[in-house]
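# Secondary and tertiary structure notes
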Amino acid sequence: MVFSTSGIGSLVIDVGIVIVILVVLKMLKIPIVVDPFGEKSVHLRNEQSKDKDRIFNKFWLKTGRGWKKEIIDKEVKKGLQEIKIVAGEIYEGTRETIRYCLEEKRMKVFIVAEQGLKCPTEDLKEFIANPNFKLRISDKRPEHHKTIIGQNILLEEYHTRHDPYKKALGIENAYADVLEYHNDIFNSIFRDAQEIKSDLDLDEKTVCIFKPGK
Amino acid sequence: MIPETSEIMLIGIIGSIIATTLSLTILNISMTHRLFRTGITPVLMATLLFSFSWITSLVYIITGTAVSWILELTIHLLFIGAIFILLSIFTYLIKIDEILFYMRGNKRTL
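Residues numbered from 1 in each chain as written. Chains lettered and ligands numbered in written order. Predicted model: local features only at pLDDT ≥ 70, side-chain atom pairs only at ≥ 80, totals over all residues.

## Topic: the overall build of chain B
From N to C terminus, chain B includes 3 helices and 0 strands. Of the regular secondary structure in chain B, the N- to C-terminal order runs α-α-α. Of the contacts formed within chain B by residues at least 6 apart in sequence, a portion of 71% connects residues at least 24 apart. (Helix = DSSP H or I, 4+ residues; strand = E, 2+ residues; numbered from the N terminus. Contact = placed C-beta atoms within 7 Å.)

## What to know about the overall build of chain A
Within chain A, the secondary structure is distributed over 6 helices and 9 strands. Counting only contacts in chain A whose residues sit at least 6 apart along the sequence, the fraction spanning at least 24 positions is 72%.

## Description of the domain arrangement of chain A
Annotation of chain A at the domain level lists domain 1 (1-32) and domain 2 (35-201). Using only C-alpha atoms to locate each centre, domain 1 of chain A and domain 2 of chain A end up separated by 45 Å. (Domains from an automatic or database assignment.)

## Overview of the pairing of strand β4 (residues 108-114) of chain A
Side-chain direction in a regular strand flips from residue to residue, so the side chains alternate between the two faces of the sheet. Residues and elements named next belong to chain A. Of all the 7 residues making up β4, 5 are buried; the element is thus mostly covered by neighbouring parts of the structure. Relative to β4, strand β3 (residues 82-86) runs parallel, the two being bridged by 5 bridges. Pairing of E82 across the sheet is with K108, part of β4. The β-α-β motif built from β3, the intervening helix α4 (residues 92-104) and the parallel element β4 has right-handed crossover chirality. In the sheet, β4 pairs with strand β5 (residues 133-138) via 6 bridges, with the strands oriented parallel. Pairing of A113 across the sheet is with I137, part of β5. Taken together, β4, helix α5 (residues 121-129) and β5 constitute a β-α-β crossover, and its handedness is right-handed. (Buried ≥ 20, exposed ≤ 12 C-beta atoms within 10 Å, placed from the backbone. Pairing = 2+ DSSP bridges. Right-handed = clockwise from strand over helix to strand, strands pointing away.)

## Side note on unusual backbone geometry
Residue and element names in this part refer to chain A. The residue K29 is not glycine, and still its phi comes out positive at about 60°. Residue placement: K29 occurs in the loop between α1 (7-27) and β1 (38-45). For K29, a count of 6 C-beta atoms within 10 Å translates into the label exposed. Positioned with a positive phi, R106 is a non-glycine residue whose angle comes to about 50°. On the basis of neighbour counts, which here come to 11 C-beta atoms within 10 Å, the residue R106 falls in the exposed class.

## Side note on the interface of chain B and chain A
Listed per partner, the contact involves 30 residues of chain B and 26 residues of chain A. Listed by contribution, the elements that provide at least two residues to the side of chain B that touches chain A are α2 (40-63) and α3 (68-105) of chain B. Top element by residues in the side of chain B that touches chain A is α3 of chain B. It accounts for 19 residues.

## Some details on the environment of D73 of chain A
You can see D73 of chain A is positioned in helix α3 (residues 64-78). Considering only alpha carbons, one finds D73 of chain A and K105 of chain A, 32 residues apart in sequence, at a separation of 8.3 Å.

## Structural notes on the environment of I99 of chain B
Tracing the backbone through its elements, the reader meets I99 of chain B in helix α3. Here the alpha-carbon distance between I99 of chain B and L35 of chain B, two residues 64 residues apart in the chain, equals 7.0 Å. When near neighbours in sequence (up to four residues on either side) are disregarded, I99 of chain B contacts P36 of chain A together with L35 of chain B.

## Here we look at the confidence of the model for chain A
Of all residues in chain A, 85% have pLDDT values of 70 or greater, and the mean over the chain is 83. Counting contacts from residues 210-214 of chain A, a segment whose pLDDT is below 50, to residues more than four positions away or on other chains yields 3 contacts. (pLDDT = per-residue confidence, 0-100.)

## Some remarks on the nonpolar core
By size, the foremost hydrophobic cluster in this structure holds 39 residues, and its most contacted members are V109 and I111 of chain A. Apart from the residues lying within four places of it in its own chain, the contact partners of V109 of chain A are I83, I85, I98, C101, L102, N132, F133 and K134 of chain A. Grouped together as the second largest cluster of nonpolar side chains are 22 residues, A19, V43, I75 and F84 of chain B included. (Core = buried A, V, L, I, M, F, W, Y, C linked by C-beta atoms within 7 Å.)

## Topic: the sheet that holds β5 of chain A
Residues and elements named next belong to chain A. The 9 strands lie next to each other as β2-β1-β8-β7-β6-β3-β4-β5-β9, forming an open sheet whose pairing is mixed. The sheet is open, and its two borders are formed by β2 (62-63) and β9 (194-196), each paired with just one other strand. Sheet topology note: the strand β6 (residues 146-149)/strand β7 (residues 152-156) ladder contains 4 bridges and is antiparallel. Within the sheet, the bridge partner assigned to I148 lies in β7 and is I153. On top of the sheet, α4 reaches β3, β4 and β5; it is set at about 160° to β4, its chief contact. (Axes fitted to C-alpha atoms, helices over the stretch in contact; angles between N-to-C directions.)

## What to know about the pairing of β3 of chain A
All names here are of chain A. Counted residue by residue, β3 has 4 buried out of 5 residues, so it is predominantly covered. Of the pairings in the sheet, the one linking β3 to β6 comprises 3 bridges and is antiparallel in character. Opposite I85, over in β6, you have T147 as the bridge partner.

## A few points about α1 of chain A
Residues and elements named next belong to chain A. Over its 21 residues, α1 extends 30 Å from the first C-alpha to the last, a length consistent with the 30 Å expected when each residue adds 1.5 Å. The buried fraction of α1 is low, at 2 of 21 residues. K29 occupies a position one or two residues after α1 and carries a positive phi of about 60°. (Expected span 1.5 Å × (residues − 1).)

This is the structure we're talking about:
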């Protein structure tokens, strides 16, 4: 009578065996929860968002900006030299990321955005003066905004022109097919967009309709 | 009323076959659809355990011995396998929010 135990006793044994198996899997570094998009994916929040659940999210979600910085630092150490951004507008968070990549990490920044960037003219002129900054303006608003940092992708929640995104999904070391899909989208939007080579190409309608406080 | 050993064994054998078929189906879905990949490890474990329970049932039939520990082992294996199936459902529930978020804009890659 090897397993002869009472009902609850046998239940405890079974649960114990499950726990032991899970510990062994963990020790063998076999993931118990496999991520569907890459090595790890997490929800992220936007600091600028005026969302109602913002306070709740604050306790358990990283910010998009913080996540991007963390990933950029990690990837630059591995030798990454470029970052690709599909944006609607160049809000404060994007500006911070661009500045961080251009000035501190000396990376190439490829960005495609919609007309009317909501970016201060001085900042934009400063960016354009940097040869590592490649800006293109799309006629149509890109629906899904994303940042591709090597094999990592940040996908923003769909948002309108007047509101920044509330939530985003950060995918670390995305699977090849996921990465290829997002790279293809970026390349097709980037290819079709109008290139801004110098600040002479900027005009009020195309680029700067920034109004402080809006 | 306590059921006879042969009756329990019959339940064990049928249970093993149904459970193995079910877990193999879930495993197949997990391997082909990205959405269900989250719980692939627990499902794989469950499939292994269900297969073992099927083997123990077969051993019982072939040897014809009325040894109760084989019977109990079969039931334990089935039970642990069921816990792993529940665990895989749980892992799916953990990721469902992220999957739905991704699906909203990128259906083509799923």
